[in-house]
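A structural walkthrough
Chain by chain, the residues:
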Amino acid sequence: MIHQDVSLKTYNSFGVAADASLFAVAKSVDDLQTILRDQRFASAWILGGGSNTLFCKTPRQPILHVDIPGLDVITEEGNEVVIRVGAGVNWHELVMWSLDRGYGGLENLALIPGNVGAAPIQNIGAYGVELKDVFEHCTLVFRETQDIQVFSKADCQFGYRDSIFKGELKNKTVITEVCFRLQKSNYNLQTSYGAIEQQLAEQNHHLLTPKDVANAVIAIRTRKLPDPKKLGNAGSFFKNPIVEDKTFWKLKESHPEIPHFKLANDSYKIPAAWIIEQVGLKGTREGDVGTHENHALVLVNYGNASGQEITDFSKKIQNEVQKHFGITLTPEVHFCC
Ligand code: EPU
């Protein structure tokens, strides 16, 4: 369960080389409680699928990899089904499992890298759907006391790529399983996101199923986003910045074509990818680090980039964006240094 000097290269989707001096794997809640009782793991870095983590060469903290399996139906009521999924299950495998059984709800979230246990932490989302739309509850263990608790949707305080696990409870809990409420028929398909509409129109469907929507999402993502198995990356590196009304209209004067999404409180979300492209950094490369040629928000490791090189490159992007737009880009990726 506890190992020394473990290479993390295959445990992070950037594929950077780094070694953990102490590395533990929890395959069950019991394992997890035992490891958490070991004081050496009091400040351990909790690692799921490693698709949102950037490692420095030698992280200071021990690493605790959560690998709890399990995928089953717990209740079926009328048109709905509630499923329970272990934190260590791969997210896309869960999506495909649910679609194979005709369950709807996760189709827009196909091909998101990472494991189920990490999904509530940043309320993963894509193509108009967020985890919170299908979330029922999750079970977690408090790190200090090893107490087990169940958190409802309200308890989790979900926001855009945000939750209580990034705020008040940051580093205080470990999610062990997540339950989702899905539909067995009368699906509530979300197809209004521009790219999905276009893709579905090309495919010319009569009666849409969740699988059709997932296939459209898979087609879009494979066209635009690099496969981490072939080219190291962590999806969106930064969050899309939210700017005030005044700032947005000033930007619109100088860039009339600026893509944007108006939020309820009169602020605007602007695609970070567009901003990075405007400062001339789309598809650029320094050594083995770069921004992807099809998507400026995706930083890629072309081979042997180190965590430090990727960090330096991301800082350069932040500086250029700050200089030209006065906007601060916040990383979505977590730095384990
Ligand atoms: N755009 C550019 N240049 C580019 C790419 C995009 O100008 O190189 C502009 C286009 O105007 C496009 C807009 O940016 O319409 C938005 O692009 P996209 O639809 O790809 O979405 P995104 O805002 O870049 C977000 C999520 C993704 C998610 C997609 C699809 C964040 C930080 N990222 O990206 O999530 O897949 O929407 O819904 O919110 C992730 O979090 O790792 C991730 C991949």
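Here the structure is a predicted model, which means the values were calculated and not measured.

1. Here we look at the layout of surface pockets
- Quantified by volume, the second largest pocket comes out at close to 890 Å³.
- Every residue lining the second largest pocket is counted, 34 residues in all, and those nearest its centre are Ser 13, Pro 113, Asp 227, Pro 228 and Lys 229.
- Its residues placed into classes, the lining of the second largest pocket shows 10 nonpolar, 18 polar and 6 charged.

2. Re the state of the cysteines
- Applying the stated criterion across every chain, the model contains 1 disulfide.
- Between Cys 56 and Cys 337 runs a disulfide, and the two sulfur atoms are separated by 2.1 Å. Residues Cys 56 and Cys 337 share a disulfide whose torsion about the S-S bond is about 50°; that sign makes it right-handed. With Cys 56 in the loop between strand S4 (53-55) and strand S5 (63-66) and Cys 337 in the segment after strand S20 (334-336), this residue pair connects regions lying 281 residues apart in the sequence.
- Cys 156 provides the cysteine sulfur closest to Cys 138, a residue in no disulfide bond, and the two sulfurs are 4.2 Å apart.
- The class of Cys 138 is buried, set by a relative accessible area of 0%.
- Cys 156 gets classed as buried once you look at its relative accessible area, which sits at 0%.

3. Section: the sheet that holds strand S16 (residues 268-269)
- Judged by pairing direction, the sheet is antiparallel, and its 3 strands sit side by side in the order S14-S16-S15 without closing on themselves. Every interior strand has two partners, whereas the edge strands, strand S14 (242-243) and strand S15 (261-262), have only one.
- The sheet contact formed by S14 and S16 spans 2 bridges and is antiparallel. Following the sheet pairing, Ile 242 is matched in S16 by Lys 269.

4. A closer look at the site of the ligand
- Inspection of the region around the ligand gives 24 residues, with Tyr 127, Tyr 160, Asn 240, Glu 277 and His 295 positioned closest.
- Lys 224 is positioned with one of its side-chain polar atoms (N or O) 2.8 Å from an oxygen atom of the ligand.
- Contact distances for the ligand include 3.0 Å between an oxygen atom and a side-chain N or O atom of Lys 282.
- A total of 830 Å² of accessible area belongs to the ligand in isolation, and the protein chains cover 79% of it.
- Contributing elements (two or more residues each) for the shell around the ligand: strand S8 (125-126), helix H5 (210-224), strand S13 (232-236) and helix H7 (272-278).

5. Observations concerning the packing of helix H4 (residues 194-203) against H5
- Relative to each other, H4 and H5 sit at 110°, their axes nearing to 9 Å. Here H4 is positioned roughly perpendicular relative to H5, judged by the angle of their axes. Along this stretch, H4 crosses H5, giving a crossing that reads as right-handed. Touching Ala 195, Ile 196, Gln 199, Leu 200 and Gln 203 of H4 are Asp 212, Ala 216, Val 217, Ala 219, Ile 220 and Arg 223, all from H5.
- Broken down by class, the residue content of the contact of H4 with H5 amounts to 7 nonpolar, 2 polar and 2 charged.

6. Quick look at unusual backbone geometry
- Although it is not a glycine, Asn 123 sits at a positive phi angle of roughly 45°.
- Positionally, Asn 123 belongs in the loop between helix H2 (91-100) and S8.
- Under the relative-accessibility criterion, Asn 123 is labelled buried at 0%.
- The phi angle at Asn 186 is positive, at roughly 45°, despite the residue not being glycine.
- Inspection of the secondary structure puts Asn 186 in the loop between strand S12 (173-183) and H4.
- You can call Asn 186 exposed: its relative accessible area is 66%.

7. So, the sheet that holds strand S2 (residues 19-26)
- In space, the 4 strands of this open sheet follow the order S1-S2-S5-S3, with mixed pairing throughout. Two strands lie at the open edges of the sheet, namely strand S1 (2-7) and strand S3 (45-47), each paired on one side alone. Within the sheet, the average angular offset between the axes of one strand and its neighbour, ignoring direction, is 35°.

8. Focus on the domain arrangement of the chain
- Per the domain assignment, the segments making up the chain are domain 1 (2-66), domain 2 (71-183), domain 3 (194-224) and domain 4 (232-336).
- Spacing between the C-alpha centres of domain 1 and domain 2 amounts to 21 Å.
- Tallying the contact residues gives 15 residues for domain 1 and 14 residues for domain 2.
- The contact between domain 1 and domain 2 buries some 1,100 Å² in all, and 62% of this surface belongs to carbon and sulfur atoms.
- Counting the surface domain 1 buries against domain 2, the share from its top three residues, Gln 33, Leu 36 and Val 66, is 37%.
- Linking domain 1 with domain 2 are 4 residue pairs in polar contact (both at pLDDT 80 or more), by the criterion used here.
- Counting residues per element, the side of domain 1 that touches domain 2 draws most heavily on helix H1 (residues 29-37), at 5 residues.
- Grouping the constituent residues of the side of domain 1 that touches domain 2 by class yields 8 nonpolar, 6 polar and 1 charged.

Parameters at a glance
Residues numbered from 1 in each chain as written. Predicted model: local features only at pLDDT ≥ 70, side-chain atom pairs only at ≥ 80, totals over all residues. Heavy atoms only, no water. 1 Å grid on protein atoms, 1.4 Å probe; cavity = no way out; pocket = protein on both sides within 12 Å on 5 of 7 lines; lining within 4 Å. Points joined across faces, edges and corners; volume = space filled by probe spheres on them. Nonpolar A, V, L, I, M, F, W, Y, C, P; charged D, E, K, R; others polar. Disulfide = S-S within 2.5 Å. Helix = DSSP H or I, 4+ residues; strand = E, 2+ residues; numbered from the N terminus. Buried < 20%, exposed > 50% of the residue type's maximum accessible area, 1.4 Å probe, protein only. Pairing = 2+ DSSP bridges. Near = heavy atom within 4 Å. Polar contact = N/O pair within 3.5 Å; in protein donor to acceptor, adjacent residues only side chain to side chain. Areas by Shrake-Rupley, 256 points an atom, 1.4 Å probe, with all protein chains shown as cover. Axes fitted to C-alpha atoms, helices over the stretch in contact; angles between N-to-C directions. Parallel < 35°, antiparallel > 145°, perpendicular 65-115°, else oblique. Left-handed = near helix turned anticlockwise from the far one by under 90°. Contact = heavy atoms within 4.5 Å. Domains from an automatic or database assignment. Buried area = accessible area lost by both parts, 1.4 Å probe.

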